Amino acid sequence: MTIAKRPSHPELSNSVREAILASRTEWEESAIALSREIHRVPEIAFQERYASTLVARELEAAGFDVAIGAYGLDTAVEATYGSGDVTVAICAEYDALPGIGHACGHNIIGAAAVGAAIALTAVADRIGLRIKLLGTPAEEHGGGKVIMLDAGAWDDVTFSLMVHGAPGEDVRCLDVRTQAVCRLHIMFQGRPGHTGGPTPSSDNASNAATIGLVALGLLRQHLPDGVRANAFVSEGGQTTNVVPAAAAVRVEVRADTGLTELVRPFQTGNINAWSTAYPGCPGTPDRTNLAGPSRDRSGSPPHGVRYRRRTRSHHHPRRGHPIPGKPTGQSHDRPIVSSAPRESADPIRLRD
Ligand SMILES: [Zn+2]
């Protein structure tokens, strides 16, 4: 990468700032409209066809080369602009939560990412920037970014950015840490029977699932600080006159750190204990249809400090009480791809 040919730091910094401020007047209305439209039609993981189309349409109109269905995912978007030797990826999420819609505000993430990408087109050529917006499906459940990462979406990227809205007015971007999360799907297999009479040859899989939940409840007392475990019976029978032959429990474990070690007993020992506690209904952990563990990560402090200063000076003059290093309680696949390594956290040398 040749940094010497670029404009000086103040010039570069001012160019980017002016482009962003100019874009607010030009684009603010349509950004808000895009956010509201994605919010109006919530689509869950891997089904974000309308949202991905809206995002793609905006970027195409702004001169980007756009592809929907990128990296093997039907609802992923790749939109590129410019040919500079520094490629900035901007992540646009747009998936909703089942049953409660856009409670996590991914409609805002999507619109903010589109706005940022379009704003940068004004300076891309002059500062040697290539803009690559990546529309990343299934952040809530499914880990779309992980799939795209494995498929090479970030192979040509110098650094990667995104924002996530949160309630309140703080700008928490100084060394934000996110928790690791792992989700398990445990199937219990029993033998059916009719409940109208004795059922000596039946094994009630729903009972095994109940014992599993009780065991998890008792285990909570002994979990380390910062660990959260939640579980529910997702399948437990269909009618009262039949002994359920199959039951399923979904478990989610979050931890500030050390999740892999923590989850191991959930996957092996404890699950075995659950099944042996209720003979005849072996429990089988199955993670194949759920996201694997995303690791606990920290953001990039240099980027966080700069972002906070900018947002405070231009958008939120009274705001900003970041909590350094404190986990947010969220688990996210964002940091897997958006945290530049600390030693190279400043690839285009933006300075305040
Ligand atoms: Zn979210």
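Rules used in this analysis
- Residues numbered from 1 in each chain as written.
- Predicted model: local features only at pLDDT ≥ 70, side-chain atom pairs only at ≥ 80, totals over all residues.
- Helix = DSSP H or I, 4+ residues; strand = E, 2+ residues; numbered from the N terminus.
- Buried ≥ 20, exposed ≤ 12 C-beta atoms within 10 Å, placed from the backbone.
- Contact = placed C-beta atoms within 7 Å.
- pLDDT = per-residue confidence, 0-100.
- Core = buried A, V, L, I, M, F, W, Y, C linked by C-beta atoms within 7 Å.
- Expected span 1.5 Å × (residues − 1).
- Pairing = 2+ DSSP bridges.
- Axes fitted to C-alpha atoms, helices over the stretch in contact; angles between N-to-C directions.
- Parallel < 35°, antiparallel > 145°, perpendicular 65-115°, else oblique.
- Left-handed = near helix turned anticlockwise from the far one by under 90°.
- Nonpolar A, V, L, I, M, F, W, Y, C, P; charged D, E, K, R; others polar.

Participant: Is there a simple way to explain the overall build of the chain in this structure?
Facilitator: When helices and strands are tallied, the chain shows 9 helices and 13 strands. The proportion of buried residues among the 352 residues of the chain is 38%. Considering only contacts in the chain between residues 6 or more positions apart, those separated by 24 or more positions represent 76%.

Participant: Hey, could you run me through the confidence of the model for the chain in this one?
Facilitator: Any residue range with low pLDDT should be treated as having predicted coordinates unsuitable for detailed reading. Per-residue confidence for the chain gives a mean pLDDT of 77, with 67% of residues at or over 70. Residue range residues 287-293 is modelled with pLDDT below 50. Its contacts to residues more than four positions away, or to other chains, number 17 contacts.

Participant: Sorry if this is basic, but what is going on with the environment of alanine 245 here?
Facilitator: Along the chain, alanine 245 falls in the loop between strand S9 (242-243) and strand S10 (246-255). In this structure the C-alpha to C-alpha distance between alanine 245 and glycine 193, which are 52 residues apart in sequence, comes to 8.1 Å. With sequence-adjacent residues up to four places away left out, alanine 245 is seen in contact with Gly190, Arg191, Pro192 and Ala205.

Participant: Is there a simple way to explain the nonpolar core in this structure?
Facilitator: Looking at soluble globular proteins, one finds that nonpolar side chains tend to be buried together. Core analysis: the largest hydrophobic core is formed by 48 residues, its most contacted members being Ile90, Ala92, Ala113, Val114, Ala117 and Leu133. Those residues in contact with alanine 113 that sit more than four places away from it in its chain are Ile90, Cys91, Ala92, Leu133 and Met162. Counting 13 residues, the second-largest nonpolar core is a separate cluster that includes Ala180, Cys182, Ala209 and Ala247.

Participant: What exactly am I supposed to notice about unusual backbone geometry here?
Facilitator: Glycine aside, the phi torsion of most residues is negative, and most peptide linkages are trans. With phi around 65 degrees, phenylalanine 46 is a residue other than glycine that occupies positive phi space. Looking at the secondary structure, you find phenylalanine 46 in the loop between helix H1 (9-40) and helix H2 (49-61). Phi is positive for tyrosine 71, close to 55 degrees, though the residue is something other than glycine. With respect to the helices and strands, the residue tyrosine 71 is situated in the loop between strand S1 (65-68) and strand S2 (77-81).

Participant: How do you make sense of H2 when you look at a structure like this?
Facilitator: For an α-helix, 3.6 residues make a turn, and residues three or four places apart therefore share a direction. Counted at 1.5 Å a residue, the expected span for H2 with its 13 residues is 18 Å, and the 18 Å between its end C-alpha atoms agrees. Taken as a whole, H2 has its buried residues at Ala51, Ser52, Leu54, Val55, Ala56, Glu58 and Leu59. With its phi angle positive at about 95 degrees, glycine 63 sits one or two positions after the end of H2.

Participant: Even after reading the chapter, I still don't get the sheet that holds strand S5 (residues 159-161), so can you show me in this structure?
Facilitator: Paired through backbone hydrogen bonds, the strands of a sheet run either parallel or antiparallel to each other. Strands sit in the order S1-S2-S4-S3-S5 across an open sheet of 5 strands; the sheet is mixed. Every other strand in the sheet has two partners, leaving S1 and S5 as the edge strands with one partner each. Strand-to-strand twist across the sheet, computed as the mean angle between neighbouring axes with direction ignored, equals 20 degrees. In the sheet, S1 pairs with S2 via 4 bridges, with the strands oriented antiparallel. Among the inter-strand pairings, aspartate 65 is bridged to a residue of S2, identified as threonine 80. Against the sheet, H2 contacts S1, S2, strand S3 (86-92) and strand S4 (129-135), and its axis sits at roughly 165 degrees relative to S1. Lying over the sheet, helix H3 (residues 106-127) contacts S2, S3 and S4, oriented at roughly 165 degrees with respect to S4.

Participant: Would you mind going over the packing of H2 against H3 with me for this structure?
Facilitator: A packed helix pair is summarised by two numbers, namely the angle formed by the two axes and the spacing between the axes. In the contact formed by H2 and H3, the axes pass within 10 Å of each other and the chain directions differ by 15 degrees. Classified by the interaxial angle, the pair formed by H2 and H3 is roughly parallel. For the element pair H2 and H3, the recorded crossing hand is right-handed. Contacts between H2 and H3 pair Ala51, Val55, Glu58 and Leu59 from the former with Gly110, Val114 and Ala117 from the latter. Of the residues contributing to the contact of H2 with H3, the split by class is 5 nonpolar, 1 polar and 1 charged.

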